[in-house]
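One letter stands for each residue in the lines below.
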Amino acid sequence: MRTQVGIIGAGPAGLMLSHLLHLQGIESIIIECRSREDIEGTIRAGLLEQGTVDLMKATGVADRMMREGHFHEGIELRYNGKGHRINLYELTGGKKVTVYAQHEVIKDLIAARLNAGGEMIFNVGDVSLHDLDTSAPKIRFRKDKDGELQEITCDYIAGCDGFHGPSRPSIPSSIRKEYQKIYPFGWLGILTEAPPSAPELIYAYHERGFALLSTRSPEIQRLYIQVDPNDHISNWSDDRIWEELHARLATRDGWKLIDGPIIQKNIVAMRSFVCDPMQYGRLFLAGDAAHIVPPTGAKGLNLAMADVQVLARALDAFYTSGDAEPLMRYSETCLRRVWKAERFSWYMTSMLHRHHDYTPFEHQIQLAELDYVTSSRAGSTSLAENYVGLPMEWKEKETVATLR
Ligand code: FAD
Ligand code: DHB
């Protein structure tokens, strides 16, 4: 097989990249190790930045999101039993965030690729990358996990295979610098059949640990609590989860959390991670393959979407005018924005979680930070502009609407 861009991974990064390349007249093939049903059913992120929503609209994959998504103009930070609203819309000159689940974005992108005759091979096994420092890099894999070995020869390879995929380790370790921070927290996430308890998301700091109230639809809510990252979900009965959520989200003004049957629950560990550079030879990493953020602040999926916009534009410059400069600068362009999102996610995580190794002094500093960002216009403006998503560097001159 031969294609212009071989894409490993059908997550938000790989699918959006393939979609953007198609709109630019560049061919790609996606290979994915899981089944279509599996990736369309995995519950993960839920919050889209304004830039991600604008990208989906500009590229014709936003119809269902515009009908079924929930558009929020603010968030609440809750501590000491009291809520404080951050007016995102007003503080950022009219930007919002959208609650629309990641697996719905995946379904919409897969449908768009299939409609356009895009080639996606699911359920592959034994994926490996070869000849990355030549002009004909190759991806080898087995169809249906253990079928015959196949090879795709490409002009370029996009490693969109998440944190555990084979792309990043294919960059020689002598070239790759990795930055990492592991947090002593995990998030226990649930989906519950209940109506919304509040019109906007609530991020709560509490002595018993962080809690987050989010939503999915008028009938289904998404909530998270801070837990020990090594804890096991079997230790968490539904009653215990609700007891923690009620305690951590309680206010002094009688606000009521509405509970219901829990239909899904799991625990995820949290880390910050950056790989520099995000490219080697003809391989370009995008999304979680190159960087991970802790989920507080909801940046992961959005960063993946930002990377592939930079990559699609750089590939377009190469194929239309032979200009390889944007490709050479891919990693540098992405990392400037990635590090700011890393900073913000680390900051939100540090401010909102209960650190068991903190002294009373440090706990007071956390409360002072919360007081500052909720009472100072400068403090809340900084939080708001990061939360809705920082602009792409190249968007100062051009907007995504110029994508062909
Ligand atoms: P992935 O979604 O991980 O996709 C990678 C794909 O590559 C997968 O489909 C995988 O199966 C495939 N793959 C792996 N190995 C191979 C291989 N060998 N061969 C072929 N394919 C392979 N982000 C937000 O922006 N907002 C949020 O609200 C948010 N909330 C989150 C909540 C939770 C609980 C979690 C866990 C994450 C959250 N995130 C959030 C992060 C977000 O889900 C990820 O950052 C996002 O999925 C990254 O997309 P990606 O395409 O880079 O990687
Ligand atoms: C959701 C996840 C997040 O990490 C976040 O900060 C906000 C919302 C969600 O899944 O709804």
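Scroll up for the structure.
Residues numbered from 1 in each chain as written. Chains lettered and ligands numbered in written order. Predicted model: local features only at pLDDT ≥ 70, side-chain atom pairs only at ≥ 80, totals over all residues. Heavy atoms only, no water.

1. A closer look at the overall build of the protein
- Summing up its helical and strand segments, the protein has 12 helices and 19 strands in all.
- The C-alpha atoms of the protein give a radius of gyration of 21 Å, which matches the 22 Å a tight globule of 404 residues would have.
- By its C-alpha atoms, the protein is 65 × 45 × 45 Å across when sized along the principal axes.
- Across the protein, the fraction of contacts at a sequence separation of at least 24, relative to all contacts at a separation of at least 6, is 72%.
- Counting every atom, the protein has about 17200 Å² of accessible surface; 50% of that belongs to carbon and sulfur.
- Where the 45 positive side-chain charges of the protein centre and where its 53 negative ones centre are 2 Å apart. (Helix = DSSP H or I, 4+ residues; strand = E, 2+ residues; numbered from the N terminus. Rg over C-alpha atoms; globule rule 2.2 N^0.38 Å. Contact = heavy atoms within 4.5 Å. Areas by Shrake-Rupley, 256 points an atom, 1.4 Å probe, with all protein chains shown as cover. Lys, Arg positive; Asp, Glu negative; His and termini not counted. Charge placed at Lys NZ, Arg CZ, Asp CG, Glu CD.)

2. Description of the sheet that holds strand E4 (residues 70-72)
- Strand order in the open sheet made by the three strands is E3-E7-E4, with antiparallel pairing throughout. Two strands close off the open sheet at either side, each with one partner strand: strand E3 (47-48) and E4.
- Of the strand pairs in this sheet, E4 and strand E7 (residues 97-99) are connected by three bridges, and their pairing is antiparallel. Residue pairing across strands places Phe71 opposite Thr98, the latter belonging to E7. (Pairing = 2+ DSSP bridges.)

3. Structural notes on the nonpolar core
- In this structure, Met16 and Leu17 are the most contacted members of the largest nonpolar core, which totals 74 residues.
- Of all the elements, helix H8 (residues 300-321) adds the most residues to this core, at 11 residues.
- Residues in contact with Leu17, not counting those within four places in the same chain, are Ile7, Ala158, Cys160, Val308, Leu311 and Ala312.
- Core analysis: the second largest hydrophobic core is formed by 32 residues, Leu77, Ile86, Tyr203 and Leu370 among them. (Core = buried A, V, L, I, M, F, W, Y, C linked by side-chain atoms within 4.5 Å. Buried < 20%, exposed > 50% of the residue type's maximum accessible area, 1.4 Å probe, protein only.)

4. Some points on the sheet that holds strand E13 (residues 201-204)
- Across the sheet, which stays open at both edges, the eight strands sit in the order E6-E5-E13-E14-E15-E12-E16-E19 with mixed pairing between neighbours. Among the strands making up the open sheet, the edge pair consists of strand E6 (82-87) and strand E19 (291-292).
- Sheet analysis places strand E14 (residues 211-215) next to strand E15 (residues 220-227), joined by five bridges and oriented antiparallel. Residue pairing for E15: Leu213 is matched across the bridge by Leu223.
- Running over the sheet, helix H10 (residues 330-352) touches strand E5 (74-79), strand E12 (177-193), E13, strand E16 (262-276) and E19 and is turned about 130° from E16. (Axes fitted to C-alpha atoms, helices over the stretch in contact; angles between N-to-C directions.)

5. A short note on empty space enclosed by the protein
- Scanning the model with the defined rule gives two cavities of 30 Å³ or more in all.
- The volume enclosed by the largest cavity comes to roughly 80 Å³.
- As for the largest cavity, its lining consists of Glu49, Lys299, Asn302, Leu303, Arg337, Lys340, Ala341, Phe344, Asn386, Gly389 and Leu390.
- Listing elements by their share of the lining of the largest cavity, those giving two or more residues are H8 and H10.
- Residue classes in the lining of the largest cavity are distributed as four nonpolar, three polar and four charged. (1 Å grid on protein atoms, 1.4 Å probe; cavity = no way out; pocket = protein on both sides within 12 Å on 5 of 7 lines; lining within 4 Å. Points joined across faces, edges and corners; volume = space filled by probe spheres on them. Nonpolar A, V, L, I, M, F, W, Y, C, P; charged D, E, K, R; others polar.)

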